[in-house]
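The chain contents come next:
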Amino acid sequence: MKRPSFDETYMDIVDIIARRSTCNRKKVGAVITMDRRILSHGYNGVLSGMPHCCDTGECLKEKMGDEDYKICVHAEQNAICQCAKRGLSVDGATIYVNANICLTCAKLIAASGIKRVVFRRDSETKNDGVRLLSSRGIEVEDWKA
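Residues numbered from 1 in each chain as written. Predicted model: local features only at pLDDT ≥ 70, side-chain atom pairs only at ≥ 80, totals over all residues. Heavy atoms only, no water.

Caption draft 1: Quick peek at the sheet that holds strand E2 (residues 37-43). Spatial ordering of the open sheet is given by E2-E1-E5-E6-E7, a layout of five strands whose pairing is mixed. Bordering the open sheet on either side are E2 and strand E7 (139-142), each of which pairs with just one other strand. Across the sheet, the mean angle separating the axes of adjacent strands is 15° when strand polarity is ignored. Relative to E2, strand E1 (residues 29-34) runs antiparallel, the two sharing six bridges. Bridging from a neighbouring strand, methionine 34 pairs with arginine 37 of E2. Sheet strands in contact with helix H1 (residues 6-18) are E1, E2, strand E5 (94-97), strand E6 (116-119) and E7, and its direction is about 140° off that of E1. Running at roughly 130° to E2, helix H4 (residues 75-85) makes contact with E1, E2 and E5 of the sheet. (Pairing = 2+ DSSP bridges. Helix = DSSP H or I, 4+ residues; strand = E, 2+ residues; numbered from the N terminus. Axes fitted to C-alpha atoms, helices over the stretch in contact; angles between N-to-C directions. Contact = heavy atoms within 4.5 Å.)

This is how it looks when you write it as structure tokens:
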């Protein structure tokens with residue numbers, strides 16, 4: 001039996017973390033690693049302490065309407081925030097995500113110093129986030145297991 005690579009291992013973990021998502025529409029997970037060790041993980045959903053979509057049965061993102069007021073936090077955002085709350089630098093880290101990278105998350109990833117992104121494309125739509133990351137010299141790998 002072939003031993004899985006670190007990328008294979010962390011992409012498997014991302015799928016498990018995504019199961020914790022409180023979003024009814026899409027289950028997204030993220031894992032941040034440094035030196036092949038997990039620093040943090042995150043999944044998508046509303047802010048902690050608020051009623052979750054999976055509990056209310058309605059999509060709170062759609063209910064809020066205007067993009068500026070949507071209360072959803074993306075998996076990448078949650079993972080980076082968990083590091084910030086604990087005083088852990090992500091400078092030079094790798095982030096693994098089981099979905100496309102949106103432009104907002106791409107900006108946060110670039111600003112935080114993450115140097116490598118491994119993601120699984122979940123649609124063939126244009127991906128401005130990946131283009132931004134690549135333009136900033138961040139290594140981006142479209143995972144195809």
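Caption draft 2: Seen up close, the side chain of glutamine 77. Relative to the helices and strands, glutamine 77 resides in helix H4. Here glutamine 77 falls in the buried class, since its relative accessible area comes to 15%. A polar contact is formed between the side chain of glutamine 77 and the backbone nitrogen of histidine 74, at a distance of 2.8 Å. Filtering out sequence-adjacent residues up to four positions away, glutamine 77 remains in contact with Cys72, Thr104, Cys105 and Leu108. (Buried < 20%, exposed > 50% of the residue type's maximum accessible area, 1.4 Å probe, protein only. Polar contact = N/O pair within 3.5 Å; in protein donor to acceptor, adjacent residues only side chain to side chain.)

Caption draft 3: Main features of the packing of aromatic side chains. In total, this model carries two aromatic pairs according to the counting rule given. With 5.4 Å between their ring centres and 50° between their planes, tyrosine 10 and tyrosine 96 make a pair best called tilted. Of the two residues, tyrosine 10 is situated in helix H1 and tyrosine 96 in strand E5; the sequence distance between them amounts to 86 residues. Tyrosine 10 gets classed as buried once you look at its relative accessible area, which sits at 6%. (Phe/Tyr/Trp six-rings, centres within 6.5 Å; stacked < 30°, edge-to-face > 60°.)

Caption draft 4: Region of the structure containing the pairing of E6. Here E6 shows no split at all, with Arg116 and Val118 on one side and Val117 and Phe119 on the other all buried. Relative to E6, E5 runs parallel, the two sharing four bridges. Following the sheet pairing, threonine 94 is matched in E6 by arginine 116. The parallel pair E5 and E6 is bridged by helix H5 (residues 103-112), and the resulting crossover is right-handed. Direction of pairing for E6 relative to E7: parallel, over a ladder of four bridges. Paired with arginine 116 across the bridge in E7 is glutamate 139. (Right-handed = clockwise from strand over helix to strand, strands pointing away.)

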